[in-house]
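Reading the structure
One-letter residues, chain by chain:
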Amino acid sequence: MTVIAGLLPAAAAYTGQLIVDAVVSAKETHSQLAVWSEARNQALFWVAVEALIVTGIAFSQRVINACQSLLRAQLGQRVNEMILVKAQTLSLGQFEDSEFYDKLTRARREASVRPLALVNKTFLLAQLAISLVSFAIILWQFSILALLLLFIGGLPVFFAEAKYSGEAFRLFRWRSPDTRQQLYIETLLAREDSAKEVKLFELGPRLLNKYRAIFQAIFKEDSALTIRRETWGFILGCVGAVSFYAAYIWIILSTISGQLTLGEMTMYLLVFKQGQANVSSALSAVSGMYEDNLYLSNLYEYLEQPVPQETGTLKSGCRPNTGLVFDAVSFTYPGAIKPALNNVSFTLHPGQKLAIVGENGSGKTTLIKLLTRLYLPSAGVITLDGTPLNDWDLATLRRRTSVIFQDFMRYQFTAGENLGAGNDQLFHNRNAWQNAAEKGLANDFIEGLTKGYDTQLGRWFKDGQELSGGQWQKIALSRVFIRPEADLLILDEPTSAVDARAEAQLFELFHQHTAEKMAILISHRFSTVRNADHILVLDKGAVIEQGDHEQLIKHNGLYAQLYNLQAKGFQD
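Residues numbered from 1 in each chain as written. Predicted model: local features only at pLDDT ≥ 70, side-chain atom pairs only at ≥ 80, totals over all residues. Heavy atoms only, no water.

1. Focus: the pattern of salt bridges
Selection criterion: The salt bridge definition used is simple: a Lys or Arg side-chain nitrogen within 4 Å of an Asp or Glu carboxyl oxygen. Strands are runs of DSSP state E lasting at least 2 residues, helices are runs of H or I lasting at least 4, and numbering of each runs from the N terminus. Three exposure classes are used, based on accessible area relative to the maximum for each residue type with a 1.4 Å probe and protein chains only: buried under 20%, partly exposed in between, and exposed over 50%.
Counting across every chain of the model gives three salt bridges. Of the charged contacts in the structure, one is a salt bridge between Asp385 and Arg400, with a shortest N-O distance of 3.0 Å. Of the two residues, Asp385 is situated in the loop between strand S4 (379-384) and strand S5 (387-388) and Arg400 in the loop between helix H13 (394-399) and strand S6 (401-404); the sequence distance between them amounts to 15 residues. Exposure remark for Asp385: the relative accessible area of 6% places this residue in the buried category. Linking Arg430 and Asp454 is a salt bridge whose minimum nitrogen-to-oxygen distance equals 3.1 Å. You can see Arg430 sitting in helix H15 (residues 430-439) and its partner Asp454 sitting in the loop between helix H16 (443-447) and helix H17 (469-480), a full 24 residues away along the chain. You can call Arg430 partly exposed: its relative accessible area is 43%.

2. A look at the sheet that holds S5
Working definition: the strands of a sheet are paired by backbone hydrogen bonds and lie parallel or antiparallel to each other. Cut-off, in case you're wondering: Strands qualify as paired when DSSP identifies two bridges or more between them. Any two residues whose heavy atoms approach within 4.5 Å are treated as being in contact. Axis definition: a line fit to C-alpha positions, over the contact stretch in the case of helices; interaxial angles, taken between N-to-C directions, run 0 to 180 degrees.
As summarised here, the arrangement of the four strands in space is S2-S1-S4-S5, forming an open sheet in which the pairing is antiparallel. Each of the sheet's edge strands pairs with one partner strand only, and the pair in question is strand S2 (341-348) and S5. By the bridge criterion, five bridges tie strand S1 (residues 324-331) to S2 in an arrangement that is antiparallel. Bridge pairing links Phe326 to Phe346 in S2. On top of the sheet, helix H12 (residues 364-371) reaches S1, S2 and S4; it is set at about 120° to S1, its chief contact.

3. Overview of the nonpolar core
Applicable threshold: Only buried residues count toward a nonpolar core. Its members are Ala, Val, Leu, Ile, Met, Phe, Trp, Tyr and Cys residues joined through side-chain atoms within 4.5 Å.
Judged by nonpolar contacts, the single largest core of 29 residues is most densely connected at Ile404, Leu419, Ile446, Leu467, Leu491 and Phe510. Going through the elements one at a time, helix H14 (415-420), H15, H16, H17, strand S7 (488-492), helix H18 (500-513) and strand S8 (518-522) are the ones with two or more residues in this core. When residues in this core are grouped by element, the largest group, five residues, is from H17. The residues contacting Ile404, other than those within four sequence positions of it, are Gln473, Ala476, Leu477, Val480, Ile490, Leu491, Asp492 and Pro494. By size, the runner-up hydrophobic cluster in this structure holds 27 residues, among which are Val329, Val344, Leu354 and Met518.

Written as structure tokens, this is what we have:
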């Protein structure tokens, strides 16, 4: 259809010449009935042909528009899938890197627009090129100089557009952090999980003012660029107008002097006018493709981002059932000066429960990220069943591990799917849902929801029901138990939002269901911690004390201070 739409305009212009010449002939031979009748019939015939050509142009354009509309959905989906598939291969460190996150934001922002624009402009350029070749063949018969005027007239605008496209792209990249901050403020003002604090602390006006200030700074740059772009576009566009009217006068004078017929004059004027419009459109398309490619470089840059190669292949350890060992493990976050963990060592055997305590920022959550291989140690070795974690097949390692993070996810899914999220193989298994919910003390309140396990949770979607903080935490804790093959359970502040009675019940059940498994518990509640087989005390990333509860109390160090401080609060 692009080829047809490119060829038919020249055919329409040539047919127009034949119509005008037939009309002139009919008018000149009006007194000669036979000749007049033939000229009239020719004029009517060519009108019918032109009508078919115009219909063909309209039809081909409709088909092209339909194809573009269908391609818009498919290509946008495809590029977004590429971005999301790539995201699955990225490390946690890359997500936490602000510069890399800017790349991801830029790629996602242009993903549904630029690839489609590039494809559409490519086909448009092909259509215009076909039209221009056919117009050039017609103009060649008149004059090569007219042909040169046709192409030269559009060049100044093209160079101006290319220059300002590059300038606009450099502005776009430079202010990516500002744009991302504006999107973040927009999220704070429009999400239910932040609405409470924004209203209670009366943050709305301040955030809105900051949102406006960022926009005004961006708009000031954009408006200055737009004014420069359009001013020079107009000035240089006048060059094209001068070339058109020079050719216009030339064709008219040639007709007056008898070198051209009236029909030929009509055709050449139409061809030159359409040709100049096509030259301008073609050069604009080239300029637009250049601009689209500049923006698509964000997508390419993101998709080509190197990712850590997973080299582990082992599915069992060299010394089965020997447990987990941290041997002089240290870790420093990228860009940080001080290590988050420094020379940490401990051993955890099957059936043992390890508690980790320490003040905020002591390295507890970092230790869990290393244990789950979300990060790799900067120094030292972590082994499971005698084999370094790096040598394990990642899928096997993660099937053996079940985790609840302190900042666990509250999925806007059904209650059952929230549980199934903990094990993709059992995502839709209702028996597994219920079994896990019973172990996590979530079954009773889930059964009391409007549709039980089929109840939509959260407020994002229709008929959604919001849960209390404690109920959400029970849902998250239940996800730990939906991985029956997991023999290493990690709980990061698992009961911070539940009441004391529920906490006692949860840990009684937890000990029952993890009797043969390794478990690591991070908690600030010493009533929970004291029952662990072994306790690590972290301070500024280092292990400063370890032992069981009685040993640490006798040692009278940081653990004893924190324990007595908490106990005193209850005694008071």
